Structure formats: C-alpha cells, structure tokens
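# A closer look at the structure
Now for the letters of each chain:
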Amino acid sequence: MITDIKGLHHVTSMAADANENNAFFTKTLGMRRVKKTVNFDAPEVYHLYYGDEIGTPGSVMTYFPFGQMPRGQRGTGEVGVTEFAVPKGSLPFWQERLSQHGVTGLAQGTAFGETRLQFDGPDGDGFALVESEERGREAWTGNGVGSDTGVLGFRGARFTLRDADATGELLTYMGYQKAESDGAVTRYVIEGGNAADTIDLEQIADAPAAGQGAGSVHHIAFAVEDRAAQLRVREALMATGYQVTPVIDRDYFWAIYFRTPGGVLFEIATNEPGFDRDEDTAHLGEALKLPTRYEPHRAKIEGLLPEIAA
Ligand code: ZN
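Everything in this summary refers to the structure shown in the same document. Every chain's residues receive numbers from 1 upward, in the order its sequence appears when written. Residues qualify for local features only when their pLDDT is at least 70, as the model is predicted, and side-chain atom pairs are given and counted only at 80 or more; totals for whole chains, interfaces and linings, by contrast, use all residues. Hydrogens are left out, water is left out, and the side-chain values use all remaining heavy atoms of the structure.

## Some remarks on the pairing of strand E15 (residues 253-259)
Within E15, 5 of the 7 residues are buried, which leaves it mostly tucked inside the rest of the structure. A pair of strands counts as paired when DSSP detects no fewer than two bridges linking them. A run of H or I in DSSP becomes a helix once it reaches four residues, and a run of E becomes a strand once it reaches two; helices and strands are each numbered from the N terminus. Judged from the 2 bridges that link them, strand E14 (residues 248-249) and E15 form a sheet pairing that is antiparallel. Its bridge partner lying in E15, Asp249 is registered against Trp254. Both E15 and strand E16 (residues 265-273) contribute to a ladder of 6 bridges, which runs antiparallel. Bridge pairing links Phe253 to Pro273 in E16. Following E15, the chain reverses through 5 residues before pairing antiparallel with E16; Gly263 in that reversal takes a positive phi of roughly 110°. Using a 1.4 Å probe on the protein chains alone, a residue whose accessible area is under 20% of its type maximum counts as buried, one over 50% counts as exposed, and one in between counts as partly exposed.

The structure is reproduced here in structure tokens:
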C-alpha cells in the first residue's frame, strides 16, 4: 500500500471566460490568485491558480480558461463537486454573499454530519462550501471576506461514478480508508495528511457519462512531499498495472498522471518547490509568468491573452 499521499494538492478545471473566472474566485469567493501563467501545451491559454496566501498544497484551484468553450455535460466518470472548507458558523454569511453576487444553484444541506452549501461556478462547475474545523489553516482575507469566514482550502471532492468499487479499491491502495456512507455516497479519508483529506464516491448506476467542457474538472491532483515520494508512488502504481506518465516539470511542482477505472484523471504532485519559487510572496499572481521555453515569445503570447483585472 502507498503511504506517501497527503491528501489533495490541487484541482484543475476548464472555464470559458478568463475574466469571469478570475472575478469569481478572487472577488466572490475571496481567494488569492497565486499564479498567472499559461497552459504548457497551449500558451495562448492562461493557467490561473487560486488558493490561500502562498498556495499551500490542498488549497489550490486552477483553471484553463479557453475562451469560447461549450459547457461540459454533467454525468458519471468525473469530479462532480469540488468542496472547500470554511470556518464553523460561516455558512449564513456565504448564503447571503453568494446570493448577492448572483451565484446560482445555491442549496444548503448536510452530509456526513457536516453542514454544506452547494452552488454553481460561472460555467456550471459543481462546488460546495463545507463548515470544517480550521486545523491550522488560514484564510486569505480581503474583498469583504474575513478570517472568520474565508475559504480555508479544500475539504475534499465528490466523484460521480457509474460503479464506485474499482475507484474505492484504488483509493484504499493510495492510503485512504473507507469510512462511513451517507445514502449513495461513501467517504474515504486519509489519515495523517493535510486537511484536504476526504474523497466521497457517489455511485449513480444509470446516469450518462460526463462530457468534458467548460465547468468540468480536468484532473484532480494528490499531494506528496517531494520527488522521492513521487517516484515511490509511481513505481507502486505501475506495479499494480496503472499506466503512469513520466515525471513532468510543472514549474511549481512535479507531476505524474494516470487514468483511473472510474474515468477520473488523477495526478500526483509534489509539495516542492511551490509558488514562491519565481515571485515574492507579497506579489504572488500579479505578473504573467511563462514557462522558460515560452519566454522568448513573451510579446506574442501577451498579445494573444485577454487582459485580466487584478
Ligand atoms: Zn495538475
């Protein structure tokens, strides 16, 4: 069994409009943009990262805003809900705030004994805020969000699957423990990880497969401490028959990817080197950062990208 995984690292989704996406995460949810860079394979598309002050692993939501992109079709084989932790007692504040910002799909409920507020992102993304213990995490504040209300990073994620068993087996192999079930949803928890430590599997046997588009999660990344741990995880996965990519340098972490039996694309990402490797913490996310190979083409790339408000 793998013992190196520490919970979630980041979640990466697709969006249509870059400015709408940026405004939603910084102005509506009050998160910090910790990096403004471009897609490694399509430098005319931004890669925007939002998180806590320094983009702590387990807090980082990232987006590829493709511009004119049809919305994804919700269904099975995807991350259905990305869940953020917020301080205890803050959901009435969020209900009011999100409503005032015109956020749709607001619905409050409980799952696994936790109060949660579901809502849609700008492209129909499935999100929830879950009241959680703070567990040493601090919210980024500003834009009307204080330390008693701000987003604390991820709580976890809920996958929508046609058949949850094989994914459950994989999570167990990755170090997660099967916990309780709530209706059709079964929770898996990783002990001793960061605070983004739950994966919920919702089995819907008769739903159509999801189609990816704007508002869909592209992949979900799990955290390991360093490159040595990542290599151990890679070997263990390959020994079990998974097709895992070589290690790829993503500038702010090292990444490997593999497709899982339920259809969700997994990444294993290192906590090193982090988002402050090329920017001062005080100015994270302000300047456009380019992968080294695109730096000679900066002027052309800047001309292709839409301007984004601070
Ligand atoms: Zn990733």
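## Some points on the coordination of the zinc ion
The protein atoms that coordinate the zinc ion are His10 (NE2), His219 (NE2) and Glu267 (OE), at distances of 1.9 to 2.0 Å. For Na, K and Ca the donor cutoff is 3.2 Å, while for all other metals N, O and S atoms must lie within 2.8 Å; water is not among the atoms, so some sites may look incomplete. When the donor residues of the zinc ion are listed from N- to C-terminus, their spacing reads H-x208-H-x47-E. One end of the pair, His10, is in strand E1 (residues 8-15); the other, His219, is in strand E13 (residues 217-224), with 209 residues separating them in the sequence. Across the pair, His219 and His10 agree in class, each one buried.

## A look at the packing of aromatic side chains
Pairs of aromatic rings are described using the distance from one ring centre to the other and the angle between the two planes. Side-chain rings of Phe, Tyr and Trp (the six-membered ring for Trp) are treated as a pair once their centres are within 6.5 Å; stacked means planes under 30 degrees apart, edge-to-face means over 60, and tilted covers the remaining angles. One pass over the full model with this rule turns up 19 aromatic pairs. Plain terms: the ring middles of Phe64 and Phe66 are 6.3 Å apart, the flat faces sit at 55° to each other, and that makes the pair tilted. Residue Phe64 is classed as buried on the basis of its relative accessible area of 10%. Of the aromatic side chains, those joined through ring pairs into one cluster are Phe24, Phe25, Tyr50, Tyr63, Phe84, Phe119, Phe127 and Phe154. By definition here, charges over rings are those cases where NZ of Lys or CZ of Arg is within 6 Å of the ring centre and within 35 degrees of the ring normal. Stacked on the ring of Trp254, the Lys or Arg Arg227 has its end atom at 3.5 Å from the ring centre.

## Concerning the pairing of E16
As paired elements, E13 and E16 share 5 bridges and run parallel to each other. For Val224, the partnering residue across the bridge sits in E16 and is Thr270.

## Observations regarding the environment of Ala15
By the element assignment, Ala15 lies in strand E1. Put simply, Ala15 and Ala214 are 199 residues apart on the chain and 4.4 Å apart in space, counted from C-alpha to C-alpha. The residues touching Ala15, leaving out its near neighbours within four places in the chain, are Asn21, Tyr63, Phe64, Pro65, Phe66, Gly67, Met69, Asp123, Ala214 and Gly215. By definition in these notes, contact holds between two residues if any of their heavy atoms fall within 4.5 Å.

## Regarding empty space enclosed by the protein
Only protein atoms enter the 1 Å grid used here, on which a cavity is any set of points holding a 1.4 Å probe that cannot leave and a pocket is any open set flanked by protein within 12 Å on both sides along at least five of seven lines; residues with an atom within 4 Å of a point are listed as lining. Grid points are joined across faces, edges and corners, and a volume is the space filled by probe spheres set on the points. Going through the model one piece at a time under the given rule, you end up with 1 cavity of 30 Å³ or more. For the largest cavity, the calculated volume is near 50 Å³. Forming the boundary of the largest cavity are 13 residues, of which Thr82, Asp125, Gly126, Gly215 and Val217 lie nearest the centre. Those elements that provide at least two residues to the lining of the largest cavity are strand E4 (60-65), strand E5 (78-87) and strand E8 (126-132). A per-element tally of the lining of the largest cavity places E5 first, with 4 residues.

## A short note on the pattern of salt bridges
Should a side-chain nitrogen of Lys or Arg be within 4 Å of a carboxyl oxygen of Asp or Glu, the pair is scored as a salt bridge. By the definition in use, this model includes 14 salt bridges. One salt bridge connects Arg155 with Glu114, and the closest N-O pair in it is separated by 3.1 Å. Here Arg155, found in strand E9 (residues 154-161), pairs with Glu114, found in strand E7 (residues 114-120); they are 41 residues apart in sequence, far enough to count as distant. Given the relative accessible area of 9%, Arg155 is considered buried. Close ionic contact of Asp197 with Arg135 constitutes a salt bridge, the shortest N to O distance being 2.8 Å. Here Asp197 is found in the loop between strand E11 (185-190) and strand E12 (198-203), whereas its partner Arg135 is found in the loop between E8 and E9, with 62 residues between them in sequence. Here Asp197 falls in the buried class, since its relative accessible area comes to 6%. Each of the salt bridges in this network shares a partner with another, and the network as a whole consists of Glu114, Arg135, Arg155, Arg187, Asp197 and Asp200.

## Quick word on the sheet that holds strand E3 (residues 46-51)
Spatial ordering of the open sheet is given by E2-E3-E4-E1-E13-E16-E15-E14, a layout of 8 strands whose pairing is mixed. If you trace the sheet from one side to the other, it starts and ends with strand E2 (32-38) and E14, each paired once. Across 6 bridges, the pairing between E2 and E3 is antiparallel. Across the sheet, Thr37 pairs through a bridge with His47, a residue of E3. Contacting E1, E2, E3 and E4, helix H1 (residues 18-28) runs over the sheet at an angle of about 10° to E3. The angle between two axes is taken between their N-to-C directions and runs from 0 to 180 degrees, where each axis is a line fitted to C-alpha atoms and a helix contributes only its stretch in contact.

## A look at the side chain of Arg33
Secondary-structure assignment places Arg33 in strand E2. All tallies of charge rest on Lys and Arg as positive and Asp and Glu as negative; His and the ends of each chain are not included. Despite its burial, Arg33 pairs with no opposite charge, the nearest such side chain being Glu286 at 7.5 Å. Under the rule applied, a polar contact is a pair of N or O atoms within 3.5 Å (in protein, one hydrogen donor and one hydrogen acceptor; residues adjacent in sequence only if both atoms are side-chain atoms). Looking at Arg33, its side chain comes within polar contact range of the side chain of Asn22, at 2.9 Å. Separated by 2.7 Å, the side chain of Arg33 and the backbone oxygen of Gly285 make a polar contact.

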